[in-house]
Amino acid sequence: LSLTFSRLTNFNCFYTILIADRRLNEEELNALIAHAHLKVDQLRKQLAEQQVREEQNIASALEEQKKSQSKLTEEEINLKHCIMVCGTYRFQLSTQRKLWEAELEEKLQRAAAAHSEHIEEVVRVQRSLFEIEEKQKIEEAVVEERSQLSKEIAAAQGKLEGIETALKSRTSQDVENRRAKQIWIASHNLIDSVIHGRRSGVDDDARRKPLATELQMIREADSNDEFVACLVNALPDETIYNGVYTEEDLKTRFIFQLYKICRRVAKMDENNVGVFQYGLSYLQNGKFDPITLDSYEILSRAKSFVAEGDLNSAVRILQLLTGPARFVARDWINDVRAHLEARFIAELLVAHAAVNNYSSIY
């Protein structure tokens, strides 16, 4: 309305200005008035329409206000109802909460008890596993320690066996050494018995010493030595049980008895050509020609060998004798052979004992 009134006022002012500006004639003035009336009517219609719209708007606003108040009242009622319902719900909720709290507390107690039992079970299982692991570690440590001890015991046993083997070897060597020394001593005694016999004897036969005692000592010293047994068994029983003439007695017997007798019968005819040929064959490597020798030369050379102690050469050259001289010298030659044989075997036994003694030491 204010807008329409403002437009109408502005229109009147416009025409007033036009009229004041210039003077209009009657037709122009009528036309202007008619136009003004049309404009006024038009503005009135607009004003009426505007008033109707304003009234409608006011009615709508009032209706809306009524609806709002009605709605507000309904909401207040609903709110009060909600408050009442909420109070009821709060009471029920409080009651239910107490029940829930009691139930929850019971469940928590059960859960705590179950958790405690679970923890105890876990602790028992962990303890069992720990005990099993510790037991296994202890068993492994015991096995390792036993293995180490077994190795040390095996090493110590090996050393002990080595020591025992060395001791047995040393004992065996000592036994062998003692046997060798016993054989060596017995063999030297045998040589002494062969060379010197019984020193207290008054004649040749009394100084002959049996060799059975010394040979028995040699047999007992080493009964498993085949070489010693072979040498001992090589001696004839006559030599073993009756002995042999000493070297000095054989020398004396040749120089003072045999030499003189053989020179007396040296010119007699020879009766044994075969033996002479044997002597020539035996002495074919000598330093002299046996064909040019006569019995006197043979006896002289034999005497020289006997004086020098070379009974072996004396026997070899006396085998060249022929006739009665050879027959006379036969017993002496046999006795010297028995003496040299026993002496040679005794020297072999001494050498064998010395070799065994050295081998048992080194």
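Residues numbered from 1 in each chain as written. Predicted model: local features only at pLDDT ≥ 70, side-chain atom pairs only at ≥ 80, totals over all residues. Heavy atoms only, no water.

If you check an unreviewed UniProt entry, the chain appears there as MICOS complex subunit MIC60 from Elaeophora elaphi. One UniProt comment on the chain, placed under Subcellular location (unreviewed entry), says "Mitochondrion inner membrane". UniProt annotates the chain under Subunit (unreviewed entry) with the comment "Component of the mitochondrial contact site and cristae organizing system (MICOS) complex." (UniProt positions renumbered as here; feature names shortened; annotations may be inferred.)

1. Re the overall build of the chain
Helix and strand content of the chain: 11 helices and zero strands. In the chain, the order of α-helices and β-strands from amino to carboxyl end is α-α-α-α-α-α-α-α-α-α-α. Burial status across the chain gives 25% buried among its 362 residues. Within the chain, counting contacts between residues at least 6 apart in sequence, those at least 24 apart form 75% of the total. Of the roughly 25,800 Å² that the chain leaves accessible, carbon and sulfur atoms contribute 55%. (Helix = DSSP H or I, 4+ residues; strand = E, 2+ residues; numbered from the N terminus. Buried < 20%, exposed > 50% of the residue type's maximum accessible area, 1.4 Å probe, protein only. Contact = heavy atoms within 4.5 Å. Areas by Shrake-Rupley, 256 points an atom, 1.4 Å probe, with all protein chains shown as cover.)

2. Describing the side chain of His352
If you trace the backbone, His352 turns up in helix α11 (residues 323-361). If we ignore the near neighbours within four places in the chain, the residues touching His352 are Asp225, Phe227 and Val228.

3. A closer look at the nonpolar core
One finds Phe254, Leu318, Leu321 and Trp332 to be the most contacted residues of the largest nonpolar core, which totals 23 residues. Counting only elements with at least two residues in this core, the list comes to α7 (247-264), α9 (295-308), α10 (311-318) and α11. Counting 22 residues, the second-largest nonpolar core is a separate cluster that includes Ile183, Ile191, Ile218 and Val232. (Core = buried A, V, L, I, M, F, W, Y, C linked by side-chain atoms within 4.5 Å.)

4. Observations regarding the packing of helix α4 (residues 212-221) against helix α5 (residues 226-234)
In the contact formed by α4 and α5, the axes pass within 10 Å of each other and the chain directions differ by 160°. Taken together, the axis directions place α4 and α5 in an arrangement best described as roughly antiparallel. α5 is crossed by α4, and the crossing has left-handed handedness. Note on element contacts: α5 touches α4 through Val228, Val232 and Asn233, opposite Leu215, Ile218 and Arg219. Counted by class, the contact of α4 with α5 contains four nonpolar, one polar and one charged residues. (Axes fitted to C-alpha atoms, helices over the stretch in contact; angles between N-to-C directions. Parallel < 35°, antiparallel > 145°, perpendicular 65-115°, else oblique. Left-handed = near helix turned anticlockwise from the far one by under 90°. Nonpolar A, V, L, I, M, F, W, Y, C, P; charged D, E, K, R; others polar.)

5. Section: a nonpolar patch on the surface
Together, Leu93, Leu99 and Trp100 make up a nonpolar patch on the protein surface, roughly 310 Å² of accessible area in all. Along the polypeptide, Leu99 turns up in helix α2 (residues 26-196). (Patch = residues over 30% accessible without salt bridge, like charges linked within 9 Å, V, L, I, M, F, W, Y side chains within 5 Å. Salt bridge = Lys/Arg side-chain N within 4 Å of Asp/Glu carboxyl O.)

6. Thoughts on the packing of α9 against α10
Geometry of a packed helix pair, given as the angle between the helix axes and the separation of the axes. Interaxial distance between α9 and α10 falls to 8 Å at its minimum, and their mutual angle equals 165°. Considering their axes alone, α9 and α10 lie roughly antiparallel with respect to each other. As α9 packs across α10, the resulting crossing turns out to be left-handed. Here Ile298, Leu299, Arg301, Ala302, Phe305 and Val306 of α9 lie close against α10, whose contacting residues are Leu311, Ser313, Ala314, Ile317 and Leu318. For the contact of α9 with α10, the per-class residue count stands at nine nonpolar, one polar and one charged.

7. Overview of the pattern of salt bridges
Summed over all chains, the structure comprises 11 salt bridges. Arg207 is the salt-bridge partner of Asp249, the closest N and O atoms lying 2.9 Å from each other. One end of the pair, Asp249, is in helix α7; the other, Arg207, is in helix α3 (residues 204-207), with 42 residues separating them in the sequence. On the basis of relative accessible area, Asp249 is assigned to the buried category, the value being 8%. For the salt bridge of Arg208 with Glu238, the shortest nitrogen-to-oxygen distance reads 3.6 Å. With Arg208 in the loop between α3 and α4 and Glu238 in helix α6 (residues 237-242), the pair connects residues that are 30 residues apart, well separated along the chain. Overall, Arg208 belongs to the buried group, its relative accessible area being 15%. With a relative accessible area of 46%, Glu238 lands in the partly exposed category. Ionic contacts of the salt-bridge type, sharing partners, join the residues Glu247, Lys251, Arg343 and Glu347 into one network.

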